[in-house]
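Coordinates in review
This is what each chain is made of:
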Amino acid sequence: FYERRECYKALEYYGRSLKISEQLGDKYGVATCRQLIGNIYISIGDYEKALDYQMDTFKIFEELADKQGMGTWLGNIGAIYFNMGNYNKASEFYARSLKIRKQIGDKRGMKDLFFNIGDLHCYKGDYIKGLNYLKKSYNLQKEMEVEGLELEITLSLSIALKHLGREYDVEKIH
């Protein structure tokens, strides 16, 4: 239902799944349901409700001492604050997520966070700082040979460099 954009129907079914997971004591199931419900609230623009569900998901991963989950959900919470225009809170949650990602050696998560942090600084008008984080994301992507985000990172790098009055040259960002 969610994929077909029948959000309210999806909420109903995810709500049922959440109750079942709670009754079974399945914490990962509860976390998954809360995360999916939170994603629906993001897609319909209800960031406050989305934040509540994503915070609950983070708390479950924290209880389970699941560092991967904690790092992911701190980043997700940061993204919600970013969408809400609360850049200070977004920065705080991104930093917490990045710390965990570094501790567990999660390069893919670090790459994504460097990108998000770079974009955040560019939105705040700090293009030098933004550019530095975008370069880190770009370099990790190249190191990991990840395909699919190069265009997005290249575009963000181009925008940051343009604001700094410089031309974009992919070979010079290393």
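Everything that follows concerns the structure shown earlier in this document.
Description of the structure in this document.

The rules behind each value
Residues numbered from 1 in each chain as written. Predicted model: local features only at pLDDT ≥ 70, side-chain atom pairs only at ≥ 80, totals over all residues. Heavy atoms only, no water. Core = buried A, V, L, I, M, F, W, Y, C linked by side-chain atoms within 4.5 Å. Buried < 20%, exposed > 50% of the residue type's maximum accessible area, 1.4 Å probe, protein only. Helix = DSSP H or I, 4+ residues; strand = E, 2+ residues; numbered from the N terminus. Contact = heavy atoms within 4.5 Å. Axes fitted to C-alpha atoms, helices over the stretch in contact; angles between N-to-C directions. Parallel < 35°, antiparallel > 145°, perpendicular 65-115°, else oblique. Left-handed = near helix turned anticlockwise from the far one by under 90°. Nonpolar A, V, L, I, M, F, W, Y, C, P; charged D, E, K, R; others polar. Salt bridge = Lys/Arg side-chain N within 4 Å of Asp/Glu carboxyl O. 1 Å grid on protein atoms, 1.4 Å probe; cavity = no way out; pocket = protein on both sides within 12 Å on 5 of 7 lines; lining within 4 Å. Points joined across faces, edges and corners; volume = space filled by probe spheres on them.

1. A closer look at the nonpolar core
- Counting 34 residues, the largest nonpolar core has Phe 58, Ile 77, Tyr 81, Ala 90, Tyr 94, Leu 98 and Phe 114 as its most contacted members.
- Elements supplying a minimum of two residues to this core: helix 1 (7-24), helix 2 (27-43), helix 3 (47-63), helix 4 (67-84), helix 5 (87-104), helix 6 (107-123) and helix 7 (127-144).
- Filtering out sequence-adjacent residues up to four positions away, Ala 90 remains in contact with Gly 78, Tyr 81, Phe 82 and Leu 120.

2. With respect to the packing of helix 4 against helix 5
- The geometry of helix 4 relative to helix 5 is characterised by a closest axis approach of 8 Å and an angle of 160° between their N-to-C directions. Taken together, the axis directions place helix 4 and helix 5 in an arrangement best described as roughly antiparallel. Remark: the crossing between helix 4 and helix 5 carries left-handed chirality. Contacts between helix 4 and helix 5 involve Lys 67, Gln 68, Met 70, Gly 71, Thr 72, Leu 74, Gly 75, Ile 77, Gly 78, Ala 79, Tyr 81 and Phe 82 on the former and, on the latter, Tyr 87, Lys 89, Ala 90, Phe 93, Tyr 94, Arg 96, Ser 97, Ile 100, Arg 101, Gln 103 and Ile 104.
- Looking at side-chain class alone, the contact of helix 4 with helix 5 contains twelve nonpolar, seven polar and four charged residues.

3. Comments concerning the pattern of salt bridges
- Throughout the structure, instances matching the rule amount to eight salt bridges.
- Glu 12 is the partner of Lys 9 in a salt bridge, and the nearest nitrogen-oxygen pair spans 3.9 Å. One end of the pair is Lys 9 and the other is Glu 12, both in helix 1 and three residues apart, which spans about a single turn.
- For Lys 9, a relative accessible area of 33% corresponds to the partly exposed category.
- Glu 12 is the salt-bridge partner of Arg 16, the closest N and O atoms lying 2.6 Å from each other. Taken together, the positions of Arg 16 and Glu 12, both in helix 1 and four residues apart, correspond to about one turn of that helix.
- By relative accessible area, Arg 16 is classed as partly exposed at 45%.
- Several salt bridges converge on common partners, so that one network encompasses Lys 9, Glu 12 and Arg 16.

4. Thoughts on the packing of helix 1 against helix 2
- Where helix 1 contacts helix 2, the two axes come as close as 8 Å, and the packing angle between them is 160°. Between helix 1 and helix 2, the crossing angle belongs to the class labelled roughly antiparallel. In this structure, helix 1 crosses over helix 2, and the sense of that crossing is left-handed. Where helix 1 approaches helix 2, its residues Cys 7, Ala 10, Leu 11, Tyr 14, Gly 15, Ser 17, Leu 18, Ser 21 and Glu 22 are matched on the opposing element by Gly 29, Val 30, Cys 33, Arg 34, Leu 36, Ile 37, Ile 40, Tyr 41 and Ser 43.

5. A few points about the layout of surface pockets
- Estimated volume of the largest pocket: approximately 160 Å³.
- If you trace the largest pocket, you find 14 residues lining it, with Thr 72, Asn 76, Arg 101, Asp 112 and Asn 116 closest to the centre.
- Elements that contribute at least two residues to the lining of the largest pocket include exactly helix 4, helix 5 and helix 6.
- The element that contributes the greatest number of residues to the lining of the largest pocket is helix 4, accounting for six residues.
- Looking at the lining of the largest pocket residue by residue, the classes come out as two nonpolar, eight polar and four charged.

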